[in-house]
Structures are given as C-alpha cells and as structure tokens.
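The primary structure of each chain is shown beneath.
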Amino acid sequence: MELTVVIVNYRVKYLLEQTLRSVEQAMQGLQGEVIVVDNLSQDDSIAFSRERHAQVNYIENQENVGFARANNQAIMQARGEYTLILNPDTIITPRCLQEGIAWMKSHPKCGAIGARMMDGNGVFLPESKRSFPTPWVSFCKIFGLSKLFPRSPWFAKYHLRYLSDLEPQCVDILSGAYMLCRTSVLQQLGGFDEDFFMYGEDIDLSYRIVKAGYENWFLPTPMVHYKGESTHKDSMRYVRIFYDAMLIFYRKHFPRFNVIFYPIVKLGVMVRASMAMAKRLIKRILPAGSKPASESWPWVIISDKAAEVAKRTRIESFQDSLPANGNLNVLIDDGCHSYEQVVNYIREHSDKDRIAFHIFADRHGIIISPKMS
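Predicted, not measured: the structure shown is a model, and the values here were computed from it.

Cut-offs applied
- Residues numbered from 1 in each chain as written.
- Predicted model: local features only at pLDDT ≥ 70, side-chain atom pairs only at ≥ 80, totals over all residues.
- Heavy atoms only, no water.
- Salt bridge = Lys/Arg side-chain N within 4 Å of Asp/Glu carboxyl O.
- Helix = DSSP H or I, 4+ residues; strand = E, 2+ residues; numbered from the N terminus.
- Buried < 20%, exposed > 50% of the residue type's maximum accessible area, 1.4 Å probe, protein only.
- Polar contact = N/O pair within 3.5 Å; in protein donor to acceptor, adjacent residues only side chain to side chain.
- Contact = heavy atoms within 4.5 Å.
- Phe/Tyr/Trp six-rings, centres within 6.5 Å; stacked < 30°, edge-to-face > 60°.
- Lys NZ or Arg CZ within 6 Å of the ring centre and 35° of its normal.
- Arc of directions from axis to C-beta.

Participant: I keep staring at the pattern of salt bridges and nothing clicks. Help me out?
Facilitator: Applying the stated criterion across every chain yields a total of 16 salt bridges. Between D44 and K13 there is a salt bridge, and its shortest N-O distance comes to 3.1 Å. Residue D44 is found in the loop between β2 (32-38) and α2 (45-52), and its partner K13 is found in helix α1 (residues 13-26); the two are separated by 31 residues along the sequence. For D44, a relative accessible area of 38% puts it in the partly exposed group.

Encoded structure:
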C-alpha cells in the first residue's frame, strides 16, 4: 500500500465531505487507505460521512482527545508507505500526491513534505513554510518585527517570506494541515507529541524529523486550506493556547533558554491578550457595522448548468463568465468541475480585493464558503 491519509474531524461536516471527495479524486491510481478520527463532534458528521464514504475507516472517540493524540491513533495503524496528515477543511489535487510521492522517492533524506497552501480565496498562506522558532525568531514573531519587516532574512525567519513560494525549498517547519511523511519515520518518532493539545505539535514533529537526520521540503503544488476560519485569532483563548504551546516546545527542546525566554513569552501573552481585550471592547462600544461588503456583490456561476445552480441556491441574478473588473462573488460548481480544476481556477483568478470564491456542493445543493465553521 502506497498511501495512508489521516484526517482528524471536529464539527465540520460539509467541509469534511468536500475534503474526502477531493482525496478520492486525488488518490485515483494509488493503492491507499483513508482514516478519519472524530473527536466527539456531537453532530452527525460521521454518520453523514459514513453514508457517502463507506470505504473510509472511522475511529470515533468518546472525548475530544486533541489534535496530536487523535492523529496518533491513526498513524500507529497506518499501512501505507507514506502517510498524509490532512486537515478536514482542505482541498487537495492529484498533483499534491503524485509530486509529493515522486519527490520522496527521488530524495531519500526527505522525511516530510508540505504543499503551497492557499486560503479559500487563493491567497498564499505563509505558514506553508516556516523556520524553527529559536529565541530570536520567536522574539520577532511575538513583538511584531516579522510583520514590520516581512522580507528580511534577519527579522522575518518565522514565515520565511523572503524565500520564493513558487519553487521547492528545504525548510524547517511544515504545517500539520498538510504533511506528507514517510510512515516509517512517523512511527519511529511516535507521531505527534501528545503534550500539545492544539497548536505547536506540527512544529515539534518537524523539529524531531530534522533531528532524526531527515529533511523537510516545501513543494509549490497548490491546494486550498480554509485555515480554521472559525478560530478567532484575536481571542484571548487563542492567544493563551498558542503561546502555551510555544512554552511546551521551549521546555522540551531549549531548556537552557527557559530562564530568559519564559518571561519574554509571558510578556508577549500579556501584550497580545491586552490587544485582544481592547479590540473586543472597541467592538462593543462602537455601533455594529454593516454586513460584509461581499454579501451585496453580484454573482458569477462557473458551471455547465448555471441556471439550475442559481435556482437551487436562490441566486436571482448572475453572470456565467468572469468579467475583467468589478467586485464579484464567484461560485464554482463541483458537479461539473474536478477539484483540481477548482483549485487551479481559484489560483489563476485570485484577487482578494474584488473576488470572493465559493464552491457549490452539487451533491447537497449548498454553497461552501471560506467563512463556514
């Protein structure tokens, strides 16, 4: 068996369905298996998925055991030569798997591979390739120097923005949203460190892969990652969990820096938490804003049966081709386009200032948008 795909699900029924359909298309011609681990979603995601994807192996946890432990449940029983760790809010293509496996075969020292992740509107996600969070790199991240100097090799190592995202790069850290690994390496290392409940576990695993003598590679193969749109990164909870994960990483791998780094991280948490509180306070004081501008933008439906799609989605007025200018909602029909075509269309026409992309899930008659939780 060539490939095992591992997906941890938590309350994203329709996004999971879309991911599984893209995986099915991407795995055509490959011998493989798909394992979905559900972290007590308490909705009908698994029943819904099982009805449509009976060939998938399901593990249903009776509690939310976290991202790391849930992945490990599947990793330790993976039978593929390679294991793909994949988020349930992603769209992959055959190229992702074909190019990744080919790279692995031709680069024996490669332990893991990441892809060129885009958000739902085709914008490149910088977490696709990162550097190890050394004390200096972390300091620049916590206090915003990496944002102030995004192209500086000195200040912006966290996201490696100064390295091209259109060429293969040997990097330090890959994202756990898409991580194609040698199963033997993954199992030898024991999978993810379960001390991390959420955030940081991909950094830790990437670090251990390199310490074991392997390389992590970023390949510019495009894919879509909706990037946990339901996670409010300005919330105090996110700030606390994110920086607690950073502290776990430092206690484990850089113990000699604890005395210096611990107060710096704590200060960073206080600053970020204060900013989060201030933003929430301002939102409460100021009058509620209007709905997102994109809600009033006209629609373009990319489909062989655009009129039928419009009727099913109650879109009263639409165009069936993309004009050269103007603000637009673009709806791509997955019933007459493969997910490779969908991803390529989003990549080729991405314009974050004027185009909002959506996907029409033909099976269910619903619109899947980047802001879905």
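Continuing now.
Participant: How should I be thinking about unusual backbone geometry in this particular structure?
Facilitator: Note: most residues except glycine have negative phi, and most peptide bonds are trans. The backbone of L160 shows a phi angle near 50°, a positive value even though the residue is not glycine. In this structure, L160 sits in the loop between α6 (145-148) and β7 (169-171).

Participant: Help me out: how do you make sense of the side chain of S45 in this one?
Facilitator: With respect to the helices and strands, the residue S45 is situated in helix α2. There is a polar contact of 3.3 Å between the side chain of S45 and the side chain of N9. Those residues in contact with S45, other than ones at most four positions away along the chain, are N9, R11, K13 and D38.

Participant: Sorry if this is basic, but what is going on with the side chain of R21 here?
Facilitator: Along the chain, the position of R21 falls in helix α1. The class for R21 is buried, based on a relative accessible area of 15%. Engagement of the side chain of R21 in a polar contact is seen with the side chain of D334, the distance being 3.3 Å. In this structure R21 touches H53, D334, Y339 and R363, once residues within four positions along its chain are discounted.

Participant: Explanation requested: the packing of aromatic side chains in the structure shown.
Facilitator: Aromatic rings considered in pairs are described by the distance between their centres and by the relative angle of their planes. In total, this model carries 9 aromatic pairs according to the counting rule given. Centre to centre, the rings of W136 and W154 are 5.2 Å apart; their planes meet at 35°, and the pair counts as tilted. One end of the pair, W136, is in helix α5 (residues 135-142); the other, W154, is in the loop between α6 and β7, with 18 residues separating them in the sequence. The class of W154 is exposed, set by a relative accessible area of 52%. Between W136 and F155 the ring centres are 6.0 Å apart and the planes differ by 45°, which places this aromatic pair in the tilted class. Of this pair, W136 sits in helix α5 while F155 sits in the loop between α6 and β7, placing them 19 residues apart in sequence. In this structure W136 comes out as partly exposed when scored by relative accessible area, which is 32%. Given a relative accessible area of 23%, F155 falls into the partly exposed group. One aromatic cluster is present, formed by W136, F149, W154 and F155 through successive ring pairs. Above the plane of the ring of F48 lies K13, whose end atom (NZ or CZ) is 4.9 Å from the centre.

Participant: Can you help me understand helix α11 (residues 306-313) in this one?
Facilitator: Residue pairs spaced three or four apart in an α-helix point in one direction, given the helix's 3.6 residues per turn. Buried residues of α11: A306, V309, A310 and T313, and no others. Each buried residue of α11 sits inside an arc of 100° when the element is viewed along its axis, so together they form one side. When the buried face of α11 is taken as reference, the exposed residues oriented beyond 90 degrees from it are A307 and K311. If you follow the buried residues of α11, they end up packed against β10 (299-302), β11 (318-319), β12 (328-333), β13 (355-361) and β14 (366-368). Backbone geometry just downstream of α11 places R314 in the positive-phi region, at approximately 60°.

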